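What the coordinates show
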Amino acid sequence: MSTPADRPGTARGVDPGAVDDPGTGSSAAPARGPGRQLCYLYRLRPGAEAEYERRHAEVWPELLALLDDAGLYDYTIYRHGLLLICVLRTRWGFDHASRVTGDAEVQARWTASLAHLFAEIADADGAPLWAYPVFHHAGRPS
């Protein structure tokens, strides 16, 4: 598992308070403070689906420990065909999580081991493929 900021040229230096205007095609990062839900996208290469799922069924324990140390939680990856939808929250903000995971050897090994599976992980400027909420219904507490 990786976050967009774990790759060179992505997410770092983006204003954490920036909000994208969906009509512009901008890739500015959404607000990334503690507890905020974030969503970004990846696209797999055709034929990579089974390997990607197999690898995530057996995520390395030391990588899971790193995600915990970085404060990443409520992290889910959904797949629709070749499209991966990554949704997560952070305890201490995305920038903190990015620094912790970006400096970790286990994250570098994991990312390198999956690199051949991806067709698209960033826009032309190297920014993550952030997705923005268009609708949210919190519902009533039980």
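Residues numbered from 1 in each chain as written. Predicted model: local features only at pLDDT ≥ 70, side-chain atom pairs only at ≥ 80, totals over all residues. Heavy atoms only, no water.

Right, let's talk about the pattern of salt bridges for a bit. Evaluated as defined, the whole model comprises six salt bridges. Where Arg79 meets Glu53, a salt bridge forms, and the shortest distance between an N and an O atom there is 2.5 Å. Pair noted here: Arg79 is in strand 2 (residues 72-80) and Glu53 is in helix 1 (residues 49-57), with a separation of 26 residues, a long-range link. Two residues, Arg54 and Glu58, come together in a salt bridge whose shortest N-O distance is 3.1 Å. Owing to a relative accessible area of 42%, Arg54 belongs among the partly exposed residues under this scheme. Salt bridges sharing partners connect three or more residues here, namely Glu62, Glu105 and Arg109. (Salt bridge = Lys/Arg side-chain N within 4 Å of Asp/Glu carboxyl O. Helix = DSSP H or I, 4+ residues; strand = E, 2+ residues; numbered from the N terminus. Buried < 20%, exposed > 50% of the residue type's maximum accessible area, 1.4 Å probe, protein only.)

Before going further, it helps to spend a moment on the nonpolar core. Across soluble globular proteins, you tend to see nonpolar side chains buried next to one another. Counting residues in each nonpolar core, the largest one holds 26 residues, and the members touching the most others are Tyr40, Leu44 and Phe118. When residues no more than four places from it in sequence are discounted, the contact partners of Leu44 are Glu49, Tyr52, Arg79, Leu82, Leu84, Leu117, Phe118 and Ala119. (Core = buried A, V, L, I, M, F, W, Y, C linked by side-chain atoms within 4.5 Å. Contact = heavy atoms within 4.5 Å.)

A separate point is the confidence of the model for the protein chain. Caution applies to low-pLDDT parts of the model: their predicted coordinates are not meant to be read in detail. Of all residues in the protein chain, 78% have pLDDT values of 70 or greater, and the mean over the chain is 83. Residue range residues 5-26 is modelled with pLDDT below 50. Its contacts to residues more than four positions away, or to other chains, number 47 contacts. (pLDDT = per-residue confidence, 0-100.)

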